Amino acid sequence: MTSGFAAVFWRFFHWGPLIAMTIIKSITLMTLYLNAMWWPPNRSFGGFLNQTIFLMLSASTGFNFVMASLTGPKFLPLRWRPENPKHEQFLQYCTSCEGFKAPRSHHCRKCDRCVIKMDHHCPWINHCVGWANHAYFTWFLAFAVAGCIHATVILAGSLYAGLHRDWYVYYGQYSKATVHLGLWSLILGVLNVGLAIGVIIAVGMLLFFQVRSILNNRTGIEDWILEKAKHRREASGETFRYPYDLGRWRNLQQVASWTCAPIGNGIVWAVADGCDQYTLTREQLRQKSEKRARTRTYTIHRPATGSWVPLWSQGCRVCLSPPLTDEPRIKLEVGDVVRVTRWRKHWLFGEKANEEPVVEHKNGTKKERKQKAKAKVQPTVDEGQKPPRIRGWFPRQCAVELMEDDDGLEQHQNHFNEKKKVK
C-alpha cells in the first residue's frame, strides 16, 4: 500500500502535472474572485447559474485530468505472447519487455513499457494516452477548453468593468461600478486572461486531433503507419484497407461511454470486413523490413555532445534546424559506428552499434554466421546480458557514411579490440 501511495505521489510530483494543476487553479480562483464582483451569484438567478456552470466545468476538468493520470493507458504484461504460438510470426518482438507486441501496442521509451493502443506520451499527465484512459483524457481536453472559454468571458467582462469604473460613477451608473481593481488584481486578471486564451488555442488544437483520432479509430502512431502503407503502394496502385475503421458511429463507441471504461480487453479488436487481427501488424513488419534495407552505416569523426542545442560545438545552422520531435539526442565519440535509419538536412537518427566484439555462434564460420543472422538467430554471449540500445538524433556533420562489407566490419571490430586493450 505504501508503494502504491508513493507511485501516486510521484505521478503528480512532476513538472507537467504541477504546471497543469497550477494553471487550472489560477484561472479558477481568479475567475471566481472577479465574478463575485462583476456578476454576484447571490443577487440574481443568472449570476448563480453562471457561477454554477463555471464551477462544474472547472471541477470536471480537474476530475478527468486526475483520472487520466491515475488510470493510465494500461501496459501489456511483461513477456507477453499470443495464445497461439503460430501467431508470433505476425508480431513484433520487444527486447525491452522481452515479449511480443500485441496488435495496436507500442513501446514507450519514457514509460519503458509496451502500452496498449498507445497514442502518445503526454507530459501534462505524466503518463501515456492509450486504451484505458483515452476517454478521460479527451473529456479533460473538452472541459478545459469549455471552461477556459467561459473564464475568458468572465475575466474580460470583469476587467472591462473595472477599468471603466470611474466612467460609470461619473455618469451615475452605480449598478455597473461594482468591480474594484487593485494593482495585483489587475495584473493577475490580465495574466489569467492570457492563460485562458492560450489554453483555448493549444488545448483546442489537441482536442481537435483527439476527436479526429476517435472518429477515424486511429491513434497518432497508426496515422503514421497508414501514411507509410499508402506511400509503399503508390507505384503499384494497390490500396491498403485500414482494419480498425468501422464507420464513424462504431468508431466513436470504441472510446465514448458514460463510465469512460475501456471497451474490450485491449488485445482483440473489432476489425472491418476483409481484415483480420494481424492486418496492421503484418504491414508494420514489412515496413520494418524495408527500413532495415534502407539502413546506412555512419562512422563518427567528430564528437557529438548529445545536447539539444549544440550551439558551441556544431554552430547556428544545426541549432536552427532541429528535428521537430521529442526523441532523444545521443552522445557519440570519435570512432563510434551508428546505424542510421532517418535523415534530415542537418541531423541523423540512428542506433549506436555495440563496441564489444561480435561473439560467434556455436558454428563459427563466416558463411554460417550470415545464414543465422538472416534467420534472426541471436548470438550466444558469454555474459548473457544484452547491452542497452542507444538510439537518437545527432548532428549530421559529425558523421561520415561508411561503405562497409564483411572485411570492413571485421576491421572495425579489430579497431575496438585494440582500443579496449589500450584502456
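In this report, the structure presented in the accompanying data block is examined. (Residues numbered from 1 in each chain as written. Predicted model: local features only at pLDDT ≥ 70, side-chain atom pairs only at ≥ 80, totals over all residues. Heavy atoms only, no water.)

### Structural notes on the packing of helix H7 (residues 220–232) against helix H9 (residues 279–294)
Direction vectors running N to C along H7 and H9 enclose 65°, while the axes themselves pass 10 Å from each other. With respect to H9, the element H7 is oriented roughly perpendicular. Crossing of H7 against H9: the hand is left-handed. Residues Glu222, Ile225, Lys228, Ala229 and Arg232 of H7 form the contact with H9, whose own contacting residues are Leu280, Glu283, Gln284, Arg286, Gln287 and Glu290. Split by residue class, the contact of H7 with H9 holds three nonpolar, two polar and six charged. (Axes fitted to C-alpha atoms, helices over the stretch in contact; angles between N-to-C directions. Helix = DSSP H or I, 4+ residues; strand = E, 2+ residues; numbered from the N terminus. Parallel < 35°, antiparallel > 145°, perpendicular 65-115°, else oblique. Left-handed = near helix turned anticlockwise from the far one by under 90°. Contact = heavy atoms within 4.5 Å. Nonpolar A, V, L, I, M, F, W, Y, C, P; charged D, E, K, R; others polar.)

### Let's talk about the pairing of strand S9 (residues 347–352)
Along S9, five of the six residues are buried, which leaves the element largely enclosed by surrounding structure. In the sheet, strand S8 (residues 337–343) pairs with S9 via five bridges, with the strands oriented antiparallel. Residue pairing in the sheet places arginine 342 in a bridge with phenylalanine 349 of S9. Between the antiparallel neighbours S8 and S9 lie three residues. As judged from the five bridges shared by S9 and strand S10 (residues 391–395), these two strands associate in the antiparallel manner. Pairing of phenylalanine 349 across the sheet is with tryptophan 393, part of S10. (Buried < 20%, exposed > 50% of the residue type's maximum accessible area, 1.4 Å probe, protein only. Pairing = 2+ DSSP bridges.)

### Some details on the packing of aromatic side chains
Evaluation of the coordinates by the stated rule reveals 13 aromatic pairs. Each ring, one from tryptophan 38 and one from tryptophan 39, has its centre 6.2 Å from the other, and the planes form 85°; the classification is edge-to-face. You can call tryptophan 38 partly exposed: its relative accessible area is 30%. Joined through ring pairs, the aromatic side chains of Trp167, Tyr168, Tyr170 and Tyr171 make up one cluster. Lying over the aromatic face of tyrosine 244, arginine 104 brings its terminal NZ or CZ to 4.2 Å of the ring centre. Here the basic side chain of arginine 296 rests over the ring of tryptophan 343, its NZ or CZ set 5.1 Å away from the ring centre. (Phe/Tyr/Trp six-rings, centres within 6.5 Å; stacked < 30°, edge-to-face > 60°. Lys NZ or Arg CZ within 6 Å of the ring centre and 35° of its normal.)

### Some remarks on the packing of helix H4 (residues 134–163) against helix H6 (residues 183–216)
In helix packing, the relevant descriptors are the interaxial angle and the interaxial distance, both defined with respect to the helix axes. Running from amino to carboxyl end, H4 crosses H6 at an angle of 150°, the nearest separation of the two axes being 8 Å. Considering their axes alone, H4 and H6 lie roughly antiparallel with respect to each other. As for how H4 packs across H6, the hand of that crossing is left-handed. When its residues are assigned to classes, the contact of H4 with H6 shows 22 nonpolar, eight polar and no charged.

### A few points about unusual backbone geometry
In this structure, aspartate 112 takes a positive phi of about 60° despite not being glycine. On the secondary structure map, aspartate 112 appears in the loop between strand S3 (105–108) and strand S4 (113–116).

### A few points about the side chain of lysine 352
Secondary-structure assignment places lysine 352 in strand S9. For lysine 352, a relative accessible area of 18% puts it in the buried group.

### Quick notes on the pairing of S4
Pairing of S3 with S4, which is carried by four bridges, proceeds in the antiparallel orientation. Looking across to S4, one finds that cysteine 108 is bridged to arginine 113. Hairpin geometry of S3 and S4 is characterised by an intervening segment of four residues between the two adjacent antiparallel strands and by a positive phi of about 60° at aspartate 112.

### Observations regarding a nonpolar patch on the surface
A cluster of nonpolar side chains, namely Leu183, Trp184, Ile187, Leu188 and Leu191, defines an oily patch on the protein surface of about 540 Å² accessible area. Within the secondary structure layout, leucine 188 lies in helix H6. (Patch = residues over 30% accessible without salt bridge, like charges linked within 9 Å, V, L, I, M, F, W, Y side chains within 5 Å. Areas by Shrake-Rupley, 256 points an atom, 1.4 Å probe, with all protein chains shown as cover. Salt bridge = Lys/Arg side-chain N within 4 Å of Asp/Glu carboxyl O.)

### Observations regarding the environment of proline 310
Position of proline 310 relative to the elements: it lies in the loop between strand S7 (296–300) and helix H10 (311–314). Residue proline 310 is classed as buried on the basis of its relative accessible area, which comes to 4%. Remark: the alpha-carbon pair of proline 310 and phenylalanine 394, spanning 84 residues in sequence, is separated by 9.8 Å. Each residue touching proline 310, except ones within four places of it in the same chain, is listed here: Thr305, Gly315, Val318, Cys319 and Trp347.

### Side note on the pattern of salt bridges
Scanning the model with the defined rule gives 11 salt bridges in all. The partner of glutamate 88 in a salt bridge is arginine 81, and the shortest N-O contact between them spans 3.1 Å. Glutamate 88 gets classed as partly exposed once you look at its relative accessible area, which sits at 21%. In this structure arginine 81 comes out as partly exposed when scored by relative accessible area, which is 45%. With a closest N to O distance of 2.8 Å, glutamate 222 and arginine 104 form a salt bridge. Here the residue glutamate 222 occupies a position in helix H7, and arginine 104 occupies one in the loop between strand S2 (99–100) and S3, the gap between them amounting to 118 residues. For the pair formed by glutamate 222 and arginine 104, the shared burial category is buried. Among the ionic contacts, a cluster of salt bridges with common partners joins Arg232, Arg233, Glu283, Arg286 and Glu290.

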